[in-house]
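What follows is each chain in one-letter form.
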Amino acid sequence: MKKSRIVQIEGKEIRFSNPDKVLFPEIGLTKWEMMIQALTLAPALLSFSKNRSLTTIRYPDGVGKKSFYQKNVPAYAPDFVSVHTDEDIQYIELDSTATYVWLLNLASLEYHVSFHQLSRPDYPRELVFDLDPSVPDFEKVIEVASATREVLKSIGLDGIAKTSGASGIQIYVPIEAKWTFEETRKINHFIGSYLAQKYPKLVSIERRVKDRGDKVYFDYLQHYRSKTLIAPYSPRATAMATVSAPVTWEELGKGIHPTDFTLLNMPDRLQQKGDLFQVFYQNHTYSLDPIFDVLNSSS
């Protein structure tokens, strides 16, 4: 078993330790194999993660073993790793493939990023609706996602959906970075409350799990500066090495499941479909002024 291998990337030399260690035992995926697969997703992941605060979850001994969150940059980080300070935390910025390889070497299996960009830290870059099932029935999550999109389109917005890579769906609406987290939470609460009232047997905004029954949880409380969410194209520390995958609304309508998208098949999907997230983001930036006009007039 090799103790280390040298990776040359972007003019940087990175010693990749324990390349033969199995990090995903159920599918026998080694650390080196994980890195090769994850690298094919790097351009898409980095296009979203750059200019944001990063929190990783590290699994030194692989999935199913002890893990820990890494927010502050470790003292042994190489000079090429970009660092910025926000609220007394020295965050890593995932803005280069070299940094990604270095983090993969640390067995960082998950990449969670902030809702804001570093250039506008007090203003989220998107509205995000996080839909989580209370029972293992993904069809209900798809149903709520479709209902959420109907509401969005009725008020002049649209979003792109991605699997969480775990059990849910997240819908992103790119917006101008001019509204505060408090303001965007009001919109999320408004839409969540509307859906819970319209579909009382399907949607819940109750924070306590025991009060949700078998309903889908519409999490309207994501929008805080200190919170993060799994980045699109990030791996997840699941048995099958799933990936948080952007999907089309047509695919959702036909029926999909988070386990359909893994480190083993996402490279081919990305090559065939391109980066669905960036195509949507490049063509859409929505104003929330019309919605606030309605909310303010009714208050």
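For the structure itself, consult the block above.
Below, the structure is looked at part by part. What you are looking at is a predicted structure, and each value in this text was computed from that prediction instead of being measured.

**Details of the side chain of His 223**
Part 1: Of note, His 223 is situated in the loop between strand 14 (216–219) and strand 15 (228–230).
Part 2: One polar contact links the side chain of His 223 to the main-chain amide nitrogen of Val 128, over a distance of 3.1 Å.
Part 3: Beyond its immediate chain neighbours, meaning those up to four positions away, His 223 contacts Phe 115, Pro 124, Glu 126, Leu 127, Val 128, Phe 181, Thr 184, Arg 185 and Asn 188.

**Quick notes on the packing of helix 1 (residues 31–40) against helix 3 (residues 97–105)**
When two helices pack together, their arrangement is given by the angle between the helix axes and the distance between those axes.
Part 1: Taken N-terminus to C-terminus, the directions of helix 1 and helix 3 make an angle of 155°; their axes are 10 Å apart at the nearest point. Overall, the two elements helix 1 and helix 3 adopt an arrangement that is roughly antiparallel. Crossing hand, helix 1 versus helix 3: right-handed. Taken together, the residues of helix 3 that come into contact with helix 1 (itself represented by Lys 31, Met 34, Met 35, Ala 38 and Leu 39) are Thr 97, Tyr 100, Val 101, Leu 104 and Asn 105.
Part 2: When the residues that make up the contact of helix 1 with helix 3 are grouped by side-chain class, the tally is 7 nonpolar, 2 polar and 1 charged.

**Regarding unusual backbone geometry**
Part 1: You will see that Tyr 233, though not glycine, has its phi angle at about 75°, which is positive.
Part 2: Here Tyr 233 lies in the loop between strand 15 and strand 16 (246–247).
Part 3: Using a relative accessible area of 2% as the deciding quantity, one classes Tyr 233 as buried.
Part 4: Although it is not a glycine, Ala 241 sits at a positive phi angle of roughly 55°.
Part 5: By the element assignment, Ala 241 lies in the loop between strand 15 and strand 16.

**Some details on the pairing of strand 5 (residues 54–58)**
It is a general feature of regular strands that their side chains alternate between the two faces of the sheet.
Part 1: By the criterion of burial, strand 5 is predominantly enclosed, with 5 of the 5 residues buried.
Part 2: Where strand 5 meets strand 9 (residues 108–114), 5 bridges bridge the pair, whose relative direction is antiparallel. Following the sheet pairing, Thr 56 is matched in strand 9 by Tyr 111.
Part 3: Here strand 5 runs beside strand 6 (residues 68–70); their pairing, made up of 3 bridges, is antiparallel. Within the sheet, the bridge partner assigned to Ile 57 lies in strand 6 and is Tyr 69.

**Regarding the sheet that holds strand 14**
Part 1: The 6 strands lie next to each other as 13-14-10-12-11-16, forming an open sheet whose pairing is mixed. In this open sheet, the two edge strands, each paired with only one partner strand, are strand 13 (203–204) and strand 16.
Part 2: Here 2 bridges tie strand 11 (residues 160–163) to strand 16, and the two strands are oriented antiparallel to one another. Bridge pairing in strand 16 places Ala 161 opposite Val 247.
Part 3: Contacting strand 10 (126–132), strand 12 (169–174), strand 13 and strand 14, helix 4 (residues 138–154) runs over the sheet at an angle of about 15° to strand 12.

**Things to note about the nonpolar core**
Part 1: In this structure, Phe 24, Tyr 100, Ile 169, Ile 171, Leu 252, Leu 263 and Leu 288 are the most contacted members of the largest nonpolar core, which totals 93 residues.
Part 2: The greatest single-element share of this core, amounting to 8 residues, is contributed by helix 4.
Part 3: For Tyr 100, the residues in contact, after removing those within four places along its chain, are Ala 38, Leu 39, Ala 42, Leu 45, Leu 46, Leu 94, Tyr 111 and Pro 235.

**Observations regarding the side chain of Thr 55**
Part 1: Mapped onto the fold, Thr 55 is located in strand 5.
Part 2: The buried category is assigned to Thr 55, whose relative accessible area is 3%.
Part 3: Each residue touching Thr 55, except ones within four places of it in the same chain, is listed here: Tyr 69, Gln 70, Lys 71, Tyr 91, Glu 110, Tyr 111, His 112 and Thr 228.

The rules behind each value
Residues numbered from 1 in each chain as written. Predicted model: local features only at pLDDT ≥ 70, side-chain atom pairs only at ≥ 80, totals over all residues. Heavy atoms only, no water. Helix = DSSP H or I, 4+ residues; strand = E, 2+ residues; numbered from the N terminus. Polar contact = N/O pair within 3.5 Å; in protein donor to acceptor, adjacent residues only side chain to side chain. Contact = heavy atoms within 4.5 Å. Axes fitted to C-alpha atoms, helices over the stretch in contact; angles between N-to-C directions. Parallel < 35°, antiparallel > 145°, perpendicular 65-115°, else oblique. Left-handed = near helix turned anticlockwise from the far one by under 90°. Nonpolar A, V, L, I, M, F, W, Y, C, P; charged D, E, K, R; others polar. Buried < 20%, exposed > 50% of the residue type's maximum accessible area, 1.4 Å probe, protein only. Pairing = 2+ DSSP bridges. Core = buried A, V, L, I, M, F, W, Y, C linked by side-chain atoms within 4.5 Å.

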